[in-house]
Amino acid sequence: MVVKKIKFNHLDVNADLKPLSDLNVEFYDQDINTSVLRFKLTYFEKGIDLSSKKINTYIFLVAEDGSKVSDYLAVFNETEGIVSYTIPKDFLKHTGRVRGQVYLYQQDNIIVTREFSFIIKASLVNSFSSETKVEYIKTFDDLETVVKSKVIAIEEAIKGGTDYVSQMIETVKNGEKIITDVSNNAITTVTTKTDTLLQTIADNNVALKKIPIFTQMEMVLAEKFLKEKLIGIKLRMQVIIVLQKRKCR
């Protein structure tokens, strides 16, 4: 069950002269959604059946600073003529004495009840000195406003950082191009040196054949062994370069 501050009062519909009715109640500006005025509408001391008489009810409030609010009254008990009104959180900010009246509308007929009053006070949380240099939040609505402003500021900062992001992307692309160029040069160098060495072996193959201590089969095996070693070195160089490029990314 939600705890609320409810002030119950009778409003009798008649033409008798009546002074301003002080409801003897005070609400605070932080009584958000919990400050409730409840009235039993009577006609010669008997509750008005709102359903059978097809009556609509409204309330009109005027704050001490002149601020006004007009609104429907919620029906709490239709047959007993009991209506209720929760003071809006925006109106609670207007502290001081509040005057009000309830209006009954029945087809083209309007009945105005006696005038009443109550007080809205400022909560202690609003009394902190500004000398503390700290921003205090008066209401949850104010807090929401502050949060929204921070979000907007962050979004603007992100928008302003778009150029920096583009520059970072361009830098990464340049870095990748440099790595690719170096890798290609390295592969070309290894390939060239390997081919040169293999050609040297081929050119000197005749000289090797003239050496009597090597058989034809031994020379073929020696040439194959050297070629496999050089090709293996070339492949390892290519693998190392590819792995290095992946690390840089």
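Here goes a summary of the coordinates provided. Worth saying up front: this structure is predicted, and the values here are computed from it rather than measured.

Here the focus is the pairing of strand β7 (residues 74-77). The pairing of β7 with strand β8 (residues 82-86) spans three bridges and is classified as antiparallel. When the bridges of β8 are listed, Ala74 appears paired with Ser84. Hairpin connection of β7 to β8: four residues between the antiparallel strands, including Gly81 at a positive phi of 75°.

Among the structural elements, Asp29 can be located in the loop between β2 (21-28) and β3 (35-43). Here Ser123 takes part through its side chain, which lies 2.6 Å from a polar atom of the side chain of Asp29.

The next point concerns the nonpolar core. Soluble, globular proteins show a tendency: their nonpolar side chains are buried together. Phe39, Leu41, Ile59, Leu61, Val102, Phe116 and Phe118 are the most contacted members of the largest nonpolar core, which totals 27 residues. Broken down by secondary-structure element, the contributors of at least two residues to this core are β2, β3, β5 (56-62), β8, α2 (89-92), β9 (96-106) and β11 (116-121). What Phe39 contacts, discounting residues up to four positions off in sequence, is Asn9, Leu11, Leu23, Ile59, Gly81, Ile82, Val83, Val102 and Phe116.

This paragraph deals with the pattern of salt bridges. Within the structure shown, the criterion is met by three salt bridges. Among the salt bridges present, the one from Glu26 reaches Lys121, with a minimum N-O distance of 3.1 Å. On the criterion of sequence distance, the pair formed by Glu26 in strand β2 and Lys121 in strand β11 is long-range, its members being 95 residues apart. Given a relative accessible area of 33%, Glu26 falls into the partly exposed group. A salt bridge links Lys40 to Glu80; its shortest N-O distance comes to 3.5 Å. Placement of the pair is Lys40 in strand β3 and Glu80 in the loop between β7 and β8, with a sequence separation of 40 residues.

Looking now at the environment of Thr86. Tracing the sequence through the fold places Thr86 in strand β8. You can call Thr86 partly exposed: its relative accessible area is 33%. A C-alpha to C-alpha distance of 9.7 Å links Thr86 and Lys4, two positions 82 residues apart in sequence. Non-local contacts of Thr86, meaning those with residues more than four positions away in its chain, are made with Asn33, Thr34, Ser35 and Val36.

To continue, consider the packing of aromatic side chains. Each aromatic ring pair is characterised by the separation of its centres together with the angle its planes make. Within the structure shown, the criterion is met by five aromatic pairs. On the basis of an interplanar angle of 45° and a centroid distance of 5.0 Å, the ring pair of Phe39 and Phe116 is categorised as tilted. Highlighted residues: Phe39 in strand β3 and Phe116 in strand β11, separated in sequence by 77 residues. Judged on exposure class, the residue Phe39 and its partner Phe116 are both buried. Here Tyr58 and Tyr105 contribute two aromatic rings whose centre-to-centre distance is 4.7 Å and whose plane-to-plane angle is 80°, an arrangement assigned as edge-to-face. Taken together, the residues span a long stretch of sequence, with Tyr58 in strand β5 and Tyr105 in strand β9 at a distance of 47 residues. Note on Tyr105: relative accessible area 30%, which makes it partly exposed. Here the basic side chain of Arg38 rests over the ring of Phe76, its NZ or CZ set 3.7 Å away from the ring centre.

Thresholds, definitions, all that
- Residues numbered from 1 in each chain as written.
- Predicted model: local features only at pLDDT ≥ 70, side-chain atom pairs only at ≥ 80, totals over all residues.
- Heavy atoms only, no water.
- Pairing = 2+ DSSP bridges.
- Helix = DSSP H or I, 4+ residues; strand = E, 2+ residues; numbered from the N terminus.
- Polar contact = N/O pair within 3.5 Å; in protein donor to acceptor, adjacent residues only side chain to side chain.
- Core = buried A, V, L, I, M, F, W, Y, C linked by side-chain atoms within 4.5 Å.
- Buried < 20%, exposed > 50% of the residue type's maximum accessible area, 1.4 Å probe, protein only.
- Contact = heavy atoms within 4.5 Å.
- Salt bridge = Lys/Arg side-chain N within 4 Å of Asp/Glu carboxyl O.
- Phe/Tyr/Trp six-rings, centres within 6.5 Å; stacked < 30°, edge-to-face > 60°.
- Lys NZ or Arg CZ within 6 Å of the ring centre and 35° of its normal.

Read these as layout, nothing more, since geometry by itself doesn't imply function.
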